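# A structural walkthrough
Here are the chains, one letter per residue:
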Amino acid sequence: QVQLVESGGGLVQAGGSLRLSCAASGGTFSRYDMAWFRQAPGDGREFVAAISGNVERTYYVDSAKGRFTISRDNAKNTVYLQMNSLKPEDTAVYYCAANLLGHFYYSVRSTYDSWGQGTQVTVSS
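Nothing here was measured: the structure is a model prediction, and the numbers come from that model.

Attention shifts here to the pairing of strand S9 (residues 92–99). Taken across its 8 residues, S9 has 7 buried, putting it largely inside the fold. When strand S4 (residues 33–39) meets S9, the two strands line up antiparallel, connected through 7 bridges. Pairing of Trp36 across the sheet is with Cys96, part of S9. Inspection of the sheet shows S9 paired to strand S11 (residues 119–124) by 3 bridges, in the antiparallel sense.

Below is the structure:
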């Protein structure tokens, strides 16, 4: 079992910033591919950003490029999502996910074996 716990969500005005954190326990974190997804009311869960294990390549949805940065600190077993220049359309529950099995189709939900419970991000206009 790998447990993931998100934190850092909250209410922010448009143009502001938040940093989300996802703490992992129960496995070898440095080997995992990690990702952030989000789900707004009435919408499906959509890919936001991912970072691979080992080489630590990063991937982003187009709407996040230039504004969001995914990073990881393997010594702390934690992955981060730094969100700058936030927009109301970024409002959603943000979920952390981990891939333990090695086939890294980074934007596909079924790639990921473990999910956190989510943290709410609300951006006011």
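Moving on, we come to the state of the cysteines. A full pass over the atoms with the stated rule returns 1 disulfide. Sulfur-sulfur distance for the disulfide between Cys22 and Cys96 comes to 2.1 Å. One quick way to see it: the torsion about the S-S bond of Cys22 and Cys96 is about -80 degrees, and its sign makes the bridge left-handed. Here Cys22, found in strand S3 (residues 18–25), pairs with Cys96, found in strand S9; they are 74 residues apart in sequence, far enough to count as distant.

Using the criterion set out here, one finds 4 salt bridges in the structure. Linking Arg38 and Asp90 is a salt bridge whose minimum nitrogen-to-oxygen distance equals 3.1 Å. Taken as a pair, Arg38 in strand S4 and Asp90 in the loop between strand S8 (78–83) and S9 lie far apart in primary sequence, 52 residues in all. The pair Arg38 / Asp90 is uniform in exposure class, with both members buried. One salt bridge in this structure joins Arg67 and Asp90, with 2.8 Å as the shortest N-O distance. Here Asp90 lies in the loop between S8 and S9 and Arg67 lies in the loop between strand S6 (58–60) and strand S7 (68–73), a separation of 23 residues in the sequence. Each of the two residues, Arg67 as well as Asp90, counts as buried. Among the ionic contacts, a cluster of salt bridges with common partners joins Arg38, Glu46, Arg67 and Asp90.

What follows covers the side chain of Glu6. Tracing the sequence through the fold places Glu6 in strand S1 (residues 3–7). This buried residue, Glu6, is left without a salt bridge; Arg45 holds the nearest opposite charge, at 7.4 Å. At 3.0 Å, the side chain of Glu6 forms a polar contact with the backbone nitrogen of Gln117.

Calculation rules
Residues numbered from 1 in each chain as written. Predicted model: local features only at pLDDT ≥ 70, side-chain atom pairs only at ≥ 80, totals over all residues. Heavy atoms only, no water. Buried < 20%, exposed > 50% of the residue type's maximum accessible area, 1.4 Å probe, protein only. Helix = DSSP H or I, 4+ residues; strand = E, 2+ residues; numbered from the N terminus. Pairing = 2+ DSSP bridges. Disulfide = S-S within 2.5 Å. Salt bridge = Lys/Arg side-chain N within 4 Å of Asp/Glu carboxyl O. Lys, Arg positive; Asp, Glu negative; His and termini not counted. Polar contact = N/O pair within 3.5 Å; in protein donor to acceptor, adjacent residues only side chain to side chain.

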